Amino acid sequence: MERLLIKDVLSEENIGKSLNVCGWVRTKRESKGFAFLVVSDGSTQDTLQLLINNETPAFQELYRCNTGSAIQATGLLRESPAKGQKFEMEVSEIIIFGEAEPETYPLQKKGHTLEFLREISHLRPRTNTFGAVFRLRNILASSVHEFFQSRGFLWIHTPIITASDCEGAGDLFTVTSLDLHNPPKNDGGDIDFSQDFFGRRAYLTVSGQLEAEFLAMSLGKVYTFGPTFRAENSNTTRHLSEFWMIEPEMAFADLRDDMKLSEDFFRFLCRKVTEKGEKELAFLESQYKRISCEDLARLAETSFAHISYTEAIKELKAAKESFEFPVSWGADLQSEHERYLTDKVIKGPLIVTDYPKEIKAFYMRLNPDGETVAAMDVLVPKVGEIIGGSQREERLDVLEKRMKQTGIPRENLQWYLDLRRFGSAPHAGFGLGFERLVQYVTGMLNIRDVIPCPRAPRTIGF
Ligand code: 4AD
Ligand code: MG
């Protein structure tokens, strides 16, 4: 008999049918003449209650069905007479694939802290919380593709190993096959990467943007959705060393188009998650009380406020509260500043534009004032920056000058400059940090709780 997912089993039309499910036992309880097993299979927030009569042979197997064991059950679905669940299955046969020792199985019925669950990342997806988070993550990931595919964007695949530092911030992991105990050295005593695997120094990518730009400058509208890596030593609740980023890039587009796309995108994702993730959102709200399905539905209908960096600085200077980091024109916005703007001033999502050129990457288009660039950051309440983007500098001479000023070596980026030599055009794009989005939607406070295997400084256990 074909195995059904619990999400497909729990429906009126299956009542009276003989079905087959597989899953992991959550709880076992015995009462007069019966035993109850509650199982989940990860397909839905709901569990399935199995009812085992002491006259069936399956009852003899029960002693092996402890919490955590993996089983298959065959039986008839019926309406449950008791409160707590709508359906239950009257089991005729049980197969036990793998037992779990009750004394050592780490997931017990009592609630565990998220910190403890992080130490058992290989088992935490079996909990209600992480089941909900990872199902919501899946809804968001598939909605990302739905959004771009419906708008004519091509999904392109930019490299993970690269020779360039897109953000110019130097937060790169080196990829090498040199013997670390005895690397070849040049005359100056430095490691000679010309003898390395690629014949020069290579890194894990921090962003697929530069490659997405050349694809946009031939295919028109493209997007990436892949892992990116940053060797920043940031031990915060919003930073990972390996995170997924979605980077759309559009030819013949300016900063306004970019802002519009980011808003449409974010609102689309909020709407999709309320349509497809209702149960998960309801569960997380009941547990953590941070964000609700209604909040997200409202966000899906809310336009973003727009404010320039210069205006943002004025707002911050006028604030009654004092900040840990000083506010001055030219300094980057810290998360406390971002949160003040979103949570106190705007009370919703906000796009900050036109940042000083000194605090932004070399590829951003210089504004006519010569001081600011056509940058935009989307900030959302509680999480802060969720999207960073810009119109790109399409003028060869201006770009060359900016690269010189910011110390970006030209040799490695001739191909990037070529895009400005041959058929250059205005173009723009942005990057959405996927885990920041999942964090926002789930209300999880720590970004390490929205990705199966978080990578952060000194954290690579799984
Ligand atoms: O602002 P960032 O650095 O922008 C870029 O990488 C551009 N190349 C994007 C583009 O225009 N195509 O990063 C974009 C987003 C941030 O807004 C944030 O949401 C997320 O990526 N992000 C991180 N998420 C988790 N951990 C980190 N260490 C992150 N660094 C950036
Ligand atoms: Mg940024």
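The structure we're discussing is the one just above.
About the cut-offs
Residues numbered from 1 in each chain as written. Chains lettered and ligands numbered in written order. Predicted model: local features only at pLDDT ≥ 70, side-chain atom pairs only at ≥ 80, totals over all residues. Heavy atoms only, no water. Pairing = 2+ DSSP bridges. Helix = DSSP H or I, 4+ residues; strand = E, 2+ residues; numbered from the N terminus. Contact = heavy atoms within 4.5 Å. Salt bridge = Lys/Arg side-chain N within 4 Å of Asp/Glu carboxyl O. Buried < 20%, exposed > 50% of the residue type's maximum accessible area, 1.4 Å probe, protein only. Near = heavy atom within 4 Å. Polar contact = N/O pair within 3.5 Å; in protein donor to acceptor, adjacent residues only side chain to side chain. Areas by Shrake-Rupley, 256 points an atom, 1.4 Å probe, with all protein chains shown as cover. 1 Å grid on protein atoms, 1.4 Å probe; cavity = no way out; pocket = protein on both sides within 12 Å on 5 of 7 lines; lining within 4 Å. Sits in = over half its atoms within 2 Å of the grid points. Nonpolar A, V, L, I, M, F, W, Y, C, P; charged D, E, K, R; others polar.

Caption draft 1: The sheet that holds strand β16 (residues 427-433), seen in detail. If you trace the eight strands from one edge of the open sheet to the other, you get β6-β10-β11-β16-β15-β14-β13-β12, paired in mixed fashion. Here the strands that pair on one side only, and so sit at the sheet edges, are β6 (154-155) and β12 (305-308). Relative to β16, strand β11 (residues 242-251) is paired through five bridges, and the arrangement is antiparallel. Note that in β16 the partner of Ala 251 across the bridge is His 427.

Caption draft 2: Seen up close, the environment of Gly 98. With respect to the helices and strands, Gly 98 occurs in strand β5 (residues 87-98). Between the C-alpha atom of Gly 98 and that of Cys 65, which follows or precedes it by 33 residues, the distance is 8.9 Å. When residues no more than four places from it in sequence are discounted, the contact partners of Gly 98 are Ser 69 and Ala 70.

Caption draft 3: Focus on the pattern of salt bridges. Per the counting criterion, the structure on display carries 28 salt bridges. A salt bridge links Arg 64 to Glu 61; its shortest N-O distance comes to 2.7 Å. Exposure remark for Glu 61: the relative accessible area of 26% places this residue in the partly exposed category. When the shortest N-O distance is used, the salt bridge between Arg 420 and Glu 213 registers 2.8 Å. Taken together, the positions of Arg 420 in helix α12 (residues 414-421) and Glu 213 in helix α5 (residues 209-219) put the pair 207 residues apart, joining distant regions of the chain. The pair formed by Arg 420 and Glu 213 is uniform in burial state, with each residue classed as buried. Put simply, Glu 146, Arg 271, Lys 272, Glu 275 and Lys 276 are held in one network by salt bridges that share partners.

Caption draft 4: Representation of the site of ligand 1 in the model. Close to ligand 1 lie 25 residues; Glu 167, Gln 209, Arg 230, Glu 247 and Glu 385 are nearest. Here a nitrogen atom of ligand 1 sits 2.7 Å away from a polar atom, N or O, in the side chain of Glu 247. Here an oxygen atom of ligand 1 and a backbone polar atom of Gly 388 are 3.4 Å apart. Contact with the protein chains removes 93% of the 620 Å² of surface that ligand 1 exposes when unbound. The cavity where ligand 1 resides is the largest pocket. Where the shell around ligand 1 is concerned, the elements lending two or more residues are β11, β15 (384-391) and β16. With five residues, β15 is the largest single contributor of residues to the shell around ligand 1. Classifying every residue of the shell around ligand 1 by side-chain character gives nine nonpolar, eight polar and eight charged.

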